[in-house]
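The chain contents come next:
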Amino acid sequence: MARLNLWRWGALGLAGLYFLVPLAASVVFTVDVPGQGLTFDAYGRIFSTDGFTSSLLLSLELALATIAVVLLLMVPAMVALRLGAPRLRPVVEIVCSLPLVVPPIAFVAGIGTVLKWGPEHLSRTPLFQTFVAIQNPEFPFVLVLAYVVMALPFVYRALDAGLRAIDVPTLVEAARSCGASWPQALVQAVLPNLRGALLNASFLTLALVLGEFTVAQLLGFQPFAVWIVNVSGSQAQLSVAVSVLSLLVTWVLLLVLAGFGGRTRTTSRG
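Residues numbered from 1 in each chain as written. Predicted model: local features only at pLDDT ≥ 70, side-chain atom pairs only at ≥ 80, totals over all residues. Heavy atoms only, no water.

Colleague: A description of the pattern of salt bridges should follow, citing residues and the corresponding values.
Modeller: Under the defined criterion, the tally for this structure stands at four salt bridges. The shortest N-O distance in the salt bridge between Asp-160 and Arg-82 comes to 3.4 Å. Placement of Asp-160 in helix α7 (residues 141-164) and of Arg-82 in helix α3 (residues 52-84) is noted, with a sequence separation of 78 residues between them. You can call Asp-160 buried: its relative accessible area is 7%. Its relative accessible area of 22% is what places Arg-82 among the partly exposed residues. Put simply, Arg-89 and Asp-160 hold a salt bridge, and the shortest N to O gap is 3.5 Å. Highlighted residues: Arg-89 in helix α4 (residues 89-101) and Asp-160 in helix α7, separated in sequence by 71 residues. Salt bridges here are not isolated pairs; linked through shared partners, they connect Arg-82, Arg-89, Asp-160 and Arg-164. (Salt bridge = Lys/Arg side-chain N within 4 Å of Asp/Glu carboxyl O. Helix = DSSP H or I, 4+ residues; strand = E, 2+ residues; numbered from the N terminus. Buried < 20%, exposed > 50% of the residue type's maximum accessible area, 1.4 Å probe, protein only.)

Here's what the structure looks like:
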């Protein structure tokens, strides 16, 4: 038993070094300026740099829209699978896992090909304006559609784990027997018991959208990740400082999520 604990702590220590050493090196790079010593000017310039606020707000808006769309799509579908079509679960699981095996380059190439249909084939139809609207630089909804597809594997796993932990048929049947409609049964009986799974799915989607670069860059938009790369060409120290700050914010969100999920489970047991 002692040997097992030793191996466990050793593995955790190596994992900690693997993540913390590059982070520490990045922090040193941002605060150690040759000839000036330690300075935090790079972090002070983050909020005043051109494009920071607009790109970050755009990424947050895209993240919120993606979370809303993917949850509205997946939660009813997975509850329906649990209630009436359990044999289709392997099919849905395979479909939701496909984005993991499709390279982002191939994925965005397909999106670009579809978007070209607008001016080439649909210029005289009402659909042309739809193609134009979803590519609006102020809020490119085409990125939301792409991120929904990319988030499917993570959202599916999070929701599937949450649904496995509760008895969905019994909850729905109890709500229906009390006079609730199907939407009311879903909202009032099932969703409160999926709070932890919904939070996990939302956080994973948020992290994906904030860090996604390939699709946005190749489609010509500039959310937060693309802005960081563009800034790195002229202000490398600033871009690393922004990356460190965004990583720390992500960790804080993860800790808050873990704490909130733990309190939720404690409250439900009590």
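Colleague: Would you mind going over the packing of α7 against helix α10 (residues 195-211) in detail, with residue names and values included?
Modeller: As a packed pair, α7 and α10 sit with axes 8 Å apart at the nearest point and diverge in direction by 155 degrees. Considering their axes alone, α7 and α10 lie roughly antiparallel with respect to each other. In this structure, α7 crosses over α10, and the sense of that crossing is right-handed. Within the contact between the two elements, α7 uses Tyr-147, Met-150, Ala-151, Phe-154, Val-155, Ala-158, Leu-159 and Gly-162 and α10 uses Ala-197, Leu-198, Asn-200, Ala-201, Leu-204, Thr-205, Leu-208 and Val-209. Grouping the constituent residues of the contact of α7 with α10 by class yields 13 nonpolar, three polar and no charged. (Axes fitted to C-alpha atoms, helices over the stretch in contact; angles between N-to-C directions. Parallel < 35°, antiparallel > 145°, perpendicular 65-115°, else oblique. Left-handed = near helix turned anticlockwise from the far one by under 90°. Contact = heavy atoms within 4.5 Å. Nonpolar A, V, L, I, M, F, W, Y, C, P; charged D, E, K, R; others polar.)

Colleague: I'd like to hear about a nonpolar patch on the surface, residue by residue, with values.
Modeller: A cluster of nonpolar side chains, contributed by Leu-88, Val-91, Ile-94, Val-95, Leu-98, Leu-100, Val-101, Val-102, Phe-154 and Leu-204, occupies part of the molecular surface with about 890 Å² of accessible area. Of all the elements, α4 adds the most residues to the nonpolar patch, at six residues. Counting through the fold element by element, Val-95 comes out in helix α4. Since its relative accessible area comes to 45%, Val-95 is described here as partly exposed. (Patch = residues over 30% accessible without salt bridge, like charges linked within 9 Å, V, L, I, M, F, W, Y side chains within 5 Å. Areas by Shrake-Rupley, 256 points an atom, 1.4 Å probe, with all protein chains shown as cover.)

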